[in-house]
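Remarks on the overall topology
Here's the letter readout for the chains.
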Amino acid sequence: MIPDYQTLMLPVLRLASEGETRVAYVAERIADDLGLTPEEREELLPSGRQRLLHNRIHWAKFYMSKAGLIASPARGRFLATDKGKALLGTAPERIDVALLMREPEFRDFYRNEGSAGGAESTTVGPDRATPATTTPEEQIDAAHASLTAALRDELLERILTNSPAFFEQLIVDLLVAMGYGGSHKDAAAQLGRSGDGGVDGIVNEDRLGLDRIYVQAKRYAPGNPVSRPDVNGFVGCLVGLGATKGVFVTTSTFSQPARDYVRHLAQRVILIDGRELADLMIEHGVGVRGYRTVEFKRLDEDFFSEE
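As a starting point, this report considers the structure included with it.

Conventions adopted
- Residues numbered from 1 in each chain as written.
- Predicted model: local features only at pLDDT ≥ 70, side-chain atom pairs only at ≥ 80, totals over all residues.
- Heavy atoms only, no water.
- Phe/Tyr/Trp six-rings, centres within 6.5 Å; stacked < 30°, edge-to-face > 60°.
- Helix = DSSP H or I, 4+ residues; strand = E, 2+ residues; numbered from the N terminus.
- Buried < 20%, exposed > 50% of the residue type's maximum accessible area, 1.4 Å probe, protein only.
- Axes fitted to C-alpha atoms, helices over the stretch in contact; angles between N-to-C directions.
- Parallel < 35°, antiparallel > 145°, perpendicular 65-115°, else oblique.
- Contact = heavy atoms within 4.5 Å.
- Nonpolar A, V, L, I, M, F, W, Y, C, P; charged D, E, K, R; others polar.
- Salt bridge = Lys/Arg side-chain N within 4 Å of Asp/Glu carboxyl O.
- Pairing = 2+ DSSP bridges.
- Right-handed = clockwise from strand over helix to strand, strands pointing away.
- Core = buried A, V, L, I, M, F, W, Y, C linked by side-chain atoms within 4.5 Å.
- Polar contact = N/O pair within 3.5 Å; in protein donor to acceptor, adjacent residues only side chain to side chain.
- Patch = residues over 30% accessible without salt bridge, like charges linked within 9 Å, V, L, I, M, F, W, Y side chains within 5 Å.
- Areas by Shrake-Rupley, 256 points an atom, 1.4 Å probe, with all protein chains shown as cover.

Counted under the stated rule, the structure contains 12 aromatic pairs. Ring geometry for Phe106 and Tyr110: centres 5.4 Å apart, planes at 20 degrees, overall stacked. Remark: Tyr110 and Phe106 occur in helix 7 (residues 104–112); sequence separation between them is four residues, near one turn of the helix. Residue class for Phe106 comes out buried when judged on its relative accessible area of 0%. Consider the rings of Phe248 and Phe254, whose centres lie 5.6 Å apart with planes at 85 degrees: the pair is edge-to-face. Phe248 sits in the buried class, given a relative accessible area of 0%. What links up through ring pairs into an aromatic cluster is the set Tyr5, Trp59, Phe62, Tyr63, Phe106, Phe109 and Tyr110.

Next comes the structure, spelled out in C-alpha cells:
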C-alpha cells in the first residue's frame, strides 16, 4: 500500500540528505524499501496523468521545501538543506504538517495557501476539511468522482421517468455520438422498431455500412437485473440472422450468469449496464452539458531554461 504524502516526508528527506536526487529515483528507492508490487508502483491518479507514488513524493518534497528542509539546486533535482539534515539528526519518528508548522516560513505559506493574500481568505490545503492523507490532486479527483457519481444517478433516474420512445431516441443519439449509425436519420431508420419497452434494431459499425451491429435495450428499474434467458434470447436472434456482433443495453444491471454466458460465445456480444450507459452519455456529451471549466497550470520548465 502506498503511504500518504505526510508519511513519505521522512523517507524522502533521508534520501535527499544523501545528495542531489530526483523524484523518479526516490520513488524507486521507497518502492523497494516498502516492497511495493509492480501494480502499486504504476498506479495512477484517477485522472490518469501521474503516478500516485510520484505525486505524493512531489507534495512531500514541496511542503518540506516551504519549511526550508529541502532545496532545489537545479531543474528536477533536490537535496536536503543544513536545516533538513539537522532535523534528521534529532532522529524524528515522523515528519508531518504539524511538525513543519514549527517553522515560521512554513506557517506563513500554509496559512495563505490557496488564498489571494490575506489571513481572512478561505484556504484549501491537504489538511483542511479533507483527510490529511490526500494531496491536492487527489482531492480534485475525489471531488470530480463524487460529482460524476451524482450525475450518473440523475441520468438513470431521468431515463426511467421518461417514455420508451425517449429511451429509443437516447440510444440513437448515443450511437451517433460514438460514431456508429452514420447520421441521426440513418440510425433512427435502423433503430425505429420499438420492442417491449426497449429498442431492437441494427446499426452500421462504420459509415459505409461494411459491417452491422445488432442492438437490444431493456429499460429496467434498478434491482431488476437482466437475466441469462434474456441475453440468451438475444444471442439466439443473432445466430438466426447470421450476425456476429451485438450490443445489449440496460438501465439496470446484468446478472452474473448473464455476464458469464457471453464470455464464451462465438459471437461478440457487449453488455452495457446502467452505470456504463450513464458513463458513455457523460463521455460523449449526450443528455449533459458543461457548466464550469477550471484550468490548472503547471510551471513551464522550458521557459526558465537558459541552456
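Turning our eyes to something else, we now look at the packing of helix 8 (residues 136–161) against helix 13 (residues 274–284). The packing of two helices is summarised by the inter-axis angle and the distance between the axes. Their axes nearest at 9 Å, the elements helix 8 and helix 13 cross at an angle of 105 degrees. When the axis of helix 8 is compared with that of helix 13, the two are roughly perpendicular. Residues Thr148, Leu151, Arg152, Leu155, Leu156 and Ile159 of helix 8 pack against Gly274, Arg275, Leu277, Ala278, Asp279, Met281 and Ile282 of helix 13. Of the residues in the contact of helix 8 with helix 13, the class split is eight nonpolar, two polar and three charged.

Tallied over the full model, the rule gives 13 salt bridges. Of the charged contacts, one joins Glu18 and Arg29 as a salt bridge, the two residues approaching to 3.4 Å between their closest N and O atoms. With Glu18 in the loop between helix 1 (9–16) and helix 2 (23–34) and Arg29 in helix 2, this residue pair connects regions lying 11 residues apart in the sequence. Its salt-bridge partner being Arg41, residue Glu28 comes within 3.1 Å of it at the nearest N-O pair.

Bringing the pairing of strand 5 (residues 245–250) into the picture now. With respect to burial, strand 5 is a largely interior element, five of its six residues being buried. Of the pairings in the sheet, the one linking strand 4 (residues 212–218) to strand 5 comprises five bridges and is parallel in character. Bridge assignment links Val215 to a residue of strand 5, and that residue is Val247. Note on the crossover from strand 4 through helix 11 (residues 228–241) to strand 5: the handedness is right-handed.

Now for helix 1. Across the eight residues of helix 1, six count as buried, placing the element largely inside the fold. Taken as a whole, helix 1 has its buried residues at Met9, Leu10, Val12, Leu13, Leu15 and Ala16. As for helix 1, its buried residues are in contact with helix 2, helix 4 (52–66), strand 1 (70–71), strand 2 (79–80), helix 5 (82–89) and helix 6 (97–100).

Core analysis: the largest hydrophobic core is formed by 37 residues, its most contacted members being Val12 and Leu100. Secondary-structure elements contributing two or more residues to this core are helix 1, helix 2, helix 4, helix 5, helix 6 and helix 7. Filtering out sequence-adjacent residues up to four positions away, Leu100 remains in contact with Met9, Tyr63, Met64, Ala67, Leu69, Ile95 and Phe106. With 20 residues, the next largest nonpolar core counts Val203, Ala217, Leu277 and Leu280 among its residues.

Within the fold, Thr81 resides in the loop between strand 2 and helix 5. From its side chain, Thr81 meets the backbone oxygen of Gly68 in a polar contact 2.6 Å long. When neighbours within four sequence positions are excluded, Thr81 is seen to be in contact with Gly68, Leu69, Ile70 and Ala71.

Residue position: Asp230 is located in helix 11. Looking at Asp230, the relative accessible area reads 25%, which means it is partly exposed. Separated by 18 residues in sequence, Asp230 and Phe248 place their C-alpha atoms 9.8 Å apart.

Taken together, the side chains of Ile140, Val294 and Phe296 make up a nonpolar region of the molecular surface, amounting to roughly 290 Å² of accessible area. Summarising the element assignment, Val294 is placed in the loop between helix 13 and helix 14 (301–304). In this structure Val294 comes out as partly exposed when scored by relative accessible area, which is 48%.

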